Amino acid sequence: WIPFSPRPADVTKTSSASWHPPLPLNDNEVAMTLSAGAAAPDFTLPTDGGGSVTLSALKGQTVILYFYPKDDTTGCTAEACGFRDSEANFKGAKAKVIGISKDSAASHDKFKKKYDLPFTLASDKDRHVCEDYGTWAEKSMYGRKYFGIERTTFLIGKDGVIKRVWNKVKVAGHVAEVLKAAEGV
């Protein structure tokens, strides 16, 4: 695990990892996403249940890190319930699932309870982790442009290196695809 800072000065030219350093973001700027082979940026975020999660503390485990726009909305609920319904399979693959959105830990508590979600939900209220992972993006709905979290999933290996990235996720079939990839890590 490599500590991460979004400052371009921290990017080393000797690294063979294929990643793109995120840029400092305002609401009208878009970051580039990380790609397979990059070191997963470390973070510590508050979680449901009043806890916290630190990525580097999970070294030695496969991690499924999925970013989603908002608790208790149609697509996000379908995605979360898909991960919930496959939780035993992810445990069999020795993979830990973590969901991240800008919602508060209190919102995560309600969402988790309502849908009986067995995995950790982390709160990135300040969107720093979203920026580090390049998931804060310009979106469009009914012709209106705005910024928010782009539904993205990262498969992080036991060594802290990103093994696979799914950008602009479509919920149908996504969990099964992630599980298949996790079983191969």
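Quick caveat: nothing in here was measured; it's all calculated off a predicted structure. (Residues numbered from 1 in each chain as written. Predicted model: local features only at pLDDT ≥ 70, side-chain atom pairs only at ≥ 80, totals over all residues. Heavy atoms only, no water.)

Participant: Explain the packing of aromatic side chains here, please?
Facilitator: In this description, an aromatic ring pair is defined by two values, namely the gap between the centres and the angle between the planes. One pass over the full model with this rule turns up 11 aromatic pairs. Relative to Tyr133, the ring of Phe67 lies with its centre 5.5 Å away and its plane at 40°, an arrangement referred to as tilted. Taken together, the positions of Phe67 in strand S3 (residues 62-67) and Tyr133 in helix H4 (residues 128-133) put the pair 66 residues apart, joining distant regions of the chain. The burial state of Phe67 is the same as that of Tyr133; both residues are buried. (Phe/Tyr/Trp six-rings, centres within 6.5 Å; stacked < 30°, edge-to-face > 60°. Helix = DSSP H or I, 4+ residues; strand = E, 2+ residues; numbered from the N terminus. Buried < 20%, exposed > 50% of the residue type's maximum accessible area, 1.4 Å probe, protein only.)

Participant: How should I be thinking about the pairing of strand S6 (residues 136-141) in this particular structure?
Facilitator: In the case of a regular strand, side chains alternate between the two sheet surfaces. Of the pairings in the sheet, the one linking S6 to strand S7 (residues 144-149) comprises six bridges and is antiparallel in character. Along S7, the bridge assignment pairs Ala137 with Gly148. Here S6 folds back onto S7 in antiparallel fashion, the turn holding two residues, of which Tyr142 has a positive phi close to 55°. (Pairing = 2+ DSSP bridges.)

Participant: Honestly, the sheet that holds strand S8 (residues 152-156) in this entry has me stumped. Any pointers?
Facilitator: Note: strands within a sheet are paired through backbone hydrogen bonds, in either parallel or antiparallel orientation. One open sheet accounts for five strands, arranged S5-S4-S3-S8-S9; its pairing is mixed. Edge positions in the sheet fall to strand S5 (120-123) and strand S9 (162-166), since each of these pairs with one other strand and no more. Averaged over neighbouring strand pairs, the angle between their axes works out to 20° when direction is ignored. As paired strands, S3 and S8 are joined by five bridges and run antiparallel to one another. Counterpart to Tyr66 in the pairing with S8 is Thr153. In the packing of helix H1 (residues 74-85) onto the sheet, contacts are made with S3, strand S4 (95-101) and S8, and the angle to S3 comes to roughly 165°. Contacts from helix H5 (residues 174-183) reach S3, S4, S8 and S9 within the one sheet, and its direction differs from that of S9 by about 165°. (Axes fitted to C-alpha atoms, helices over the stretch in contact; angles between N-to-C directions. Contact = heavy atoms within 4.5 Å.)

Participant: I keep staring at the pattern of salt bridges and nothing clicks. Help me out?
Facilitator: Tallied over the full model, the rule gives eight salt bridges. Here Lys114 and Asp72 are joined by a salt bridge, their closest N and O atoms 3.0 Å apart. Here Lys114 is found in helix H3 (residues 105-115), whereas its partner Asp72 is found in the loop between S3 and H1, with 42 residues between them in sequence. On the accessibility criterion, Lys114 (54% relative accessible area) is exposed. Asp72 sits in the partly exposed class, given a relative accessible area of 37%. A salt bridge links Glu131 to Arg127; the shortest N-O distance between them is 2.8 Å. (Salt bridge = Lys/Arg side-chain N within 4 Å of Asp/Glu carboxyl O.)

Participant: What am I meant to see in H5 here?
Facilitator: Working note: α-helix, 3.6 residues per turn, so residues spaced by three or four point in the same direction. Turning to H5, its buried residues number three or more, namely His174, Val175, Val178, Leu179, Ala181 and Ala182. With its buried residues spanning 165° around the axis, H5 presents them on a single face. Counted as exposed and oriented over 90 degrees from the buried face of H5: Ala176, Lys180 and Glu183. Contacts from the buried residues of H5 go to S3, H1, helix H2 (87-92), S4, S8 and S9. (Arc of directions from axis to C-beta.)

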